[in-house]
Amino acid sequence: MGSPLELIKFNAQTGKFEVGATALATLRKVKGPIAVVAVCGRARQGKSFILNQLLQSSSGFQVGATHRPCTKGLWMWSTPQRINVPDGSSHHLVLLDTEGVDAYDQTAQYSTQIFSLAVLLSSLFVYNQMGGIDESALDRLGMVTEMTKHVRVRAAGASGGGDQGLGEHSPAFLWLLRDFYLKLEEEGGRKITPKEYLETALRLVPGTSAAVQSKNAIRTSISQLFPVRDCFTLVRPMVDEAALSQMDTLPRENLRPEFRQGVKDLMALIFQRAVPKRFGLQLMTGPVLAGLVEAYVSAINQGAVPTIATAWQGVAESECRRACDAAEAAYVANWKGGGEVSAEESELEARHQQSLEAARAAFGEIAVGDECIRKAHEARWMTAVASRYKDFRGCRLAEAAAAVNELLYKGANEVAKAVRGGADLLALQQIIASFVTSYEKAAAGPTKFQKLAAFLVETWPAAASQVLDRHAAAAEAAQKALQGEMAELRGKLSAENQRAEQAERHRRDMTNTAKSLHEQLNVAQQDAMRMRAALEQKSGAAAALQQELAGAQRDITQMQADMKQKSDAAAILQQQLAESKREIVQMREVLDQKSGAAATLQQQLAESKREIVQMREVLDQKSGAAATLQQQLTGTQEELVRLRTALKQESDASASFQQQLAEAQQDAARLRANLDQKTAKVAALEAQMSEVLVVSERKQASAVELADARVRAAQSEFQSKLSEMTVVLTAERARAESLAADLEGLAARCTSAEGRLAAQEAEASEWRSKYMREASLKLELQGQRDQARDSLQLVTVERDSVARERDAARAEAEQLRADLLAETHAKEALQAQMDGYMAEAQAARTQPVAAALYGGDNDENSNPSGEANRGRVIVDAGSIAKMSIQEIKDTLTQAGYQEEVWTLANRRPAAKKADWIAMLQSRSQASS
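Being a predicted model, the structure only gives us computed values, none of them experimental.

(A) View of the pairing of strand E6 (residues 90-98). Among the nine residues of E6, eight are classified as buried, and the element is accordingly described as predominantly covered. Note: strand E3 (residues 34-41) against E6, six bridges, orientation parallel. Its bridge partner being in E6, Ala38 is matched across the sheet by Leu96. Relative to E6, strand E4 (residues 74-77) runs antiparallel, the two sharing three bridges. Paired with Leu74 across the two strands is Thr98, which belongs to E6. Two elements, strand E5 (residues 81-84) and E6, share four bridges in a ladder whose sense is antiparallel. The residue of E6 that forms the bridge with Arg82 is His92. Linking E5 to E6, which pair antiparallel, is a turn of five residues; within it Gly88 sits at a positive phi near 100°.

What follows is the structure, given as structure tokens:
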């Protein structure tokens, strides 16, 4: 459904045509190709009925049965119909209903203007007429001749200007003959088609009279204006006159079958001929049609001649400008609507190309006009979107750079936190590797790897140096602890030496005691000899003594067993001391190896220092040196770990040796206790033996000798055991002295290693302080460089903004220049119109008959007195200053000074009002 909309109306108060805003808005919504069917003709002859048949509705355009016209101006249907063509394409059809021409309340100029607007806007022009084509019908269509005078293809002065080629831009013409009752036959009975009937009517009339020339002028104008033309006839719909006035409300069955079939054929013909309107190769769309309506109406209101090319070019310029704005808006919308874009150049370029495609689509959907106009505006919006891309890209890269700096700042904090937390080089390497992985995923922009390399060069050596410092401090603490353990071992060794000396003194005491005991035994033997006789007498006492001796023998046997156990324990202790000696030898070898490892470590540190110096010199070219340094530092760390393990093993060996010494001391104490017990037993035995000797003096000599032999055997065995123990103690003492010498050598080597480590630590401290100064200086320079880069980016953004403002100002100036040029062209067109009017006035003076035929007194553009006033300027000198520039131009133009007016109007710099007043005064004085 829809309703009629007023497209163009005439305001009687202002004397100007006005354009309906609602109709224009409806046209601008139609984006595709558009065809326009305009129905024109005399008032009250059924034009609106034909349009309603096209709408397949009886309540579309208003149809009246009175003598007063129902349609004023130009009306269009609010819902353009969509037409599908057999070739698969489609377009929209706009129906125009025009005000009836030659109405009693119209002037000739008004009718010509309505007729001209309908012809200019339509792609199929249907001229509705009652009856056949006769001379009066052709005379009524004589406004075609007037239209050729009021419409130009191009501006005056342009190649092919005037009305030449007007037919190329005219619509297809269909002359609809209503209530047609004639037979289409020639003399001789040959039937002809309606088109042949039209062509016959448009043949030139023979003759040279003024009347014949006037008739032929109309025929020629129709033929030239409508090179594509056709004719169609419709019979009278019904016979009943009363019912004919209500034809729209009557059922279709009440109409004559011939009329119904004719209307059906007419609709098919109109839909076939209603093709999209073109200008050259360009199809007209809804917005273009709206722009042409405004352009033609504006030209008529300004009194200018509607120029098809100028109007089309103006609409094309306007649509292309709108297309430029739409393209730029589509570019921005596509860029922002695509979500967040990475700062990588490839993704930015891909988003740019995608947005460019959207902008091209938006521009191609709206832009019309010649290729040169489209290319000029395409270059304009391409420049605009290039500036937009530059802004978007700069902003995104700046954001990415800021994000990269933030990531690097967080990474530096993580590394510093790990270093403060006591992480070793391996853990630090894992932290940096994890950071690099997350950084590569999160960071973007062309500078991310460059900044990452600078970050690694600045952060890794400093962090590794701190870790090495901590490890050196730990090694120093371990060395100090080892020195303390060695001092403790020395103290224990001194204590063992003292214990060995005490054991030696105890052995000498026991030897002296044994000698004394031996002397006492000799005395006892002598006493026993003396008491042999007494023993013989006391055999009973001897038997008891023999039992006691047997007990003593058992005690001696037990003591021998104990002595054997102690001998075994001494042998085991000797083996343990041998093993301790071997362990000390191994410890000495390990210490020698560690000394070599310390020297190797010192060499590696020296090499690392040289490599770091080389890395500082060729940092950008040899970034692999950092990995080499890391491997060397890792090896150094492993060496330190092995050294710490060896020291721990040595400490464990010392502790084991100390434990073995403690066990040996305990065994020696137990041995001394056993010796004391045995000594006490021997003393008791000596006492008993003294008593026995005293008591047994009188026993038998044989029993005394047997006891003496047993005592000697026990004394001999005791002497041998004592000798063995002395040998074992002597060996242990020698072994202890050897261990003390080994420990002293180890202490000397440790002292030497302490000195080398102290020197190495001093050198490392010096290198570290130097590197830290250089690193701090480099960080400061890096901060200044980043600050300078940020400042440069801000300056670049400001410069680009100023450049865009400058370009906008230039574009505005170009637009003003184009508007000025258009105004100049309009003035030229006005001047050409004035020339035409003056020529018509001259023709009217010389041919009064023709003037009467073409309007007579009703021609508002005639100027019969123009020739008499040519060259004379009659203006009051006092009123010249009050005249506007346009009034001065019109006065000079009417006086025949067109060339001088044109020269002064196009002068550069532009003429001022004083120049125009001076020119008018000079011409006025010359005329007087």
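From this point, the discussion proceeds with the structure in view.
(B) Structural detail: empty space enclosed by the protein. For the structure on display, the rule yields 13 cavities of 30 Å³ or more. Its boundaries defined by the atoms lining it, the largest cavity holds a volume of some 210 Å³. Lys827, Glu828, Gln831, Lys889 and Val901 are the residues nearest the centre of the largest cavity, which is lined by 15 residues in total. Element by element, the count of residues in the lining of the largest cavity is highest for helix H19 (residues 701-846), at six residues. In the lining of the largest cavity, the residues fall into five nonpolar, six polar and four charged.

(C) Representation of the environment of Ala895 within the structure. Here Ala895 is to be found in the loop between helix H23 (885-894) and helix H24 (898-905). Placed 28 residues apart in sequence, Ala895 and Arg923 show a C-alpha to C-alpha distance of 9.3 Å.

(D) Quick look at the nonpolar core. By size, the foremost hydrophobic cluster in this structure holds 81 residues, and its most contacted members are Leu7, Ile8, Leu96, Leu121, Phe125 and Trp175. Discounting residues that sit within four places of it in the chain, Leu96 has contacts with Leu7, Val36, Val37, Ala38, Val39, Leu51, Leu74, Trp75, Met76 and Leu121. Counting residues in hydrophobic clusters, the runner-up holds 28 residues, among them Ile50, Leu174, Phe232 and Leu255.

(E) Just unusual backbone geometry, in detail. Phi is positive for Asp179, close to 50°, though the residue is something other than glycine. Structurally, Asp179 is set in the loop between strand E8 (172-178) and helix H6 (194-201). The buried category is assigned to Asp179, whose relative accessible area is 18%.

(F) Inspection of H23 at higher detail. Buried within H23 we find Ile888, Lys889, Leu892 and Thr893. Along H23, the residues classed as buried sweep out an arc of 130° about the axis, all on the same side. The first or second residue beyond H23 is Gly896, which carries a positive phi of 95°.

(G) Inspection of the packing of helix H12 (residues 345-366) against helix H13 (residues 371-420) at higher detail. Two numbers describe how H12 lies on H13: the axes approach to 11 Å, and their chain directions differ by 150°. Judged on the interaxial angle alone, H13 and H12 are roughly antiparallel. Crossing hand, H12 versus H13: right-handed. Contacts between H12 and H13 involve Glu345, Leu348, Glu349, His352, Leu356, Ala359, Arg360, Phe363 and Gly364 from the former and Arg374, His377, Glu378, Trp381, Met382, Val385, Tyr389, Arg393, Arg396 and Leu397 from the latter.

(H) Seen up close, the pattern of salt bridges. In total, this model carries 17 salt bridges according to the counting rule given. Taking the shortest distance from any N to any O, the salt bridge between Arg190 and Glu186 comes out at 3.0 Å. A relative accessible area of 44% means that Arg190 is categorised as partly exposed. Exposure remark for Glu186: the relative accessible area of 34% places this residue in the partly exposed category. For Arg256, the salt bridge is made with Glu258, and the minimal N-O distance between the two is 3.8 Å. Owing to a relative accessible area of 30%, Arg256 belongs among the partly exposed residues under this scheme. The exposure class assigned to Glu258 is partly exposed, which follows from its relative accessible area of 47%.

(I) Seen up close, the confidence of the model for the protein chain. Confidence in the prediction of the protein chain, expressed as mean pLDDT, is 75, and 69% of residues score 70 or more. Mean pLDDT across the elements of the protein chain bottoms out in helix H20 (residues 848-853) (36) and peaks in strand E9 (residues 229-233) (93). Contacts of residues 63-69 to residues separated by more than four positions or lying in other chains number 15 contacts, the stretch itself having pLDDT below 50.

(J) The arrangement of the packing of aromatic side chains in detail. Applying the stated criterion across every chain, the model contains 16 aromatic pairs. Consider the rings of Phe10 and Phe17, whose centres lie 5.1 Å apart with planes at 65°: the pair is edge-to-face. The exposure class assigned to Phe10 is partly exposed, which follows from its relative accessible area of 36%. For the ring pair Phe17 and Tyr110, a centre distance of 5.8 Å and an interplane angle of 10° mean the geometry is stacked. Here Phe17 is found in strand E2 (residues 16-19), whereas its partner Tyr110 is found in helix H3 (residues 108-121), with 93 residues between them in sequence. Tyr110 shares its class with Phe17; the two are buried. Pairwise contacts between aromatic rings join Phe115, Phe125, Tyr127, Phe173, Trp175 and Phe226 into one cluster. Directly above the aromatic system of Trp335 lies the positively charged group of Arg351, at a separation of 5.9 Å from the ring centroid. The ring of Tyr897 has Arg923 lying over it, and the distance from NZ or CZ to the ring centre is 5.5 Å.

Thresholds, definitions, all that
- Residues numbered from 1 in each chain as written.
- Predicted model: local features only at pLDDT ≥ 70, side-chain atom pairs only at ≥ 80, totals over all residues.
- Heavy atoms only, no water.
- Buried < 20%, exposed > 50% of the residue type's maximum accessible area, 1.4 Å probe, protein only.
- Helix = DSSP H or I, 4+ residues; strand = E, 2+ residues; numbered from the N terminus.
- Pairing = 2+ DSSP bridges.
- 1 Å grid on protein atoms, 1.4 Å probe; cavity = no way out; pocket = protein on both sides within 12 Å on 5 of 7 lines; lining within 4 Å.
- Points joined across faces, edges and corners; volume = space filled by probe spheres on them.
- Nonpolar A, V, L, I, M, F, W, Y, C, P; charged D, E, K, R; others polar.
- Core = buried A, V, L, I, M, F, W, Y, C linked by side-chain atoms within 4.5 Å.
- Contact = heavy atoms within 4.5 Å.
- Arc of directions from axis to C-beta.
- Axes fitted to C-alpha atoms, helices over the stretch in contact; angles between N-to-C directions.
- Parallel < 35°, antiparallel > 145°, perpendicular 65-115°, else oblique.
- Left-handed = near helix turned anticlockwise from the far one by under 90°.
- Salt bridge = Lys/Arg side-chain N within 4 Å of Asp/Glu carboxyl O.
- pLDDT = per-residue confidence, 0-100.
- Phe/Tyr/Trp six-rings, centres within 6.5 Å; stacked < 30°, edge-to-face > 60°.
- Lys NZ or Arg CZ within 6 Å of the ring centre and 35° of its normal.

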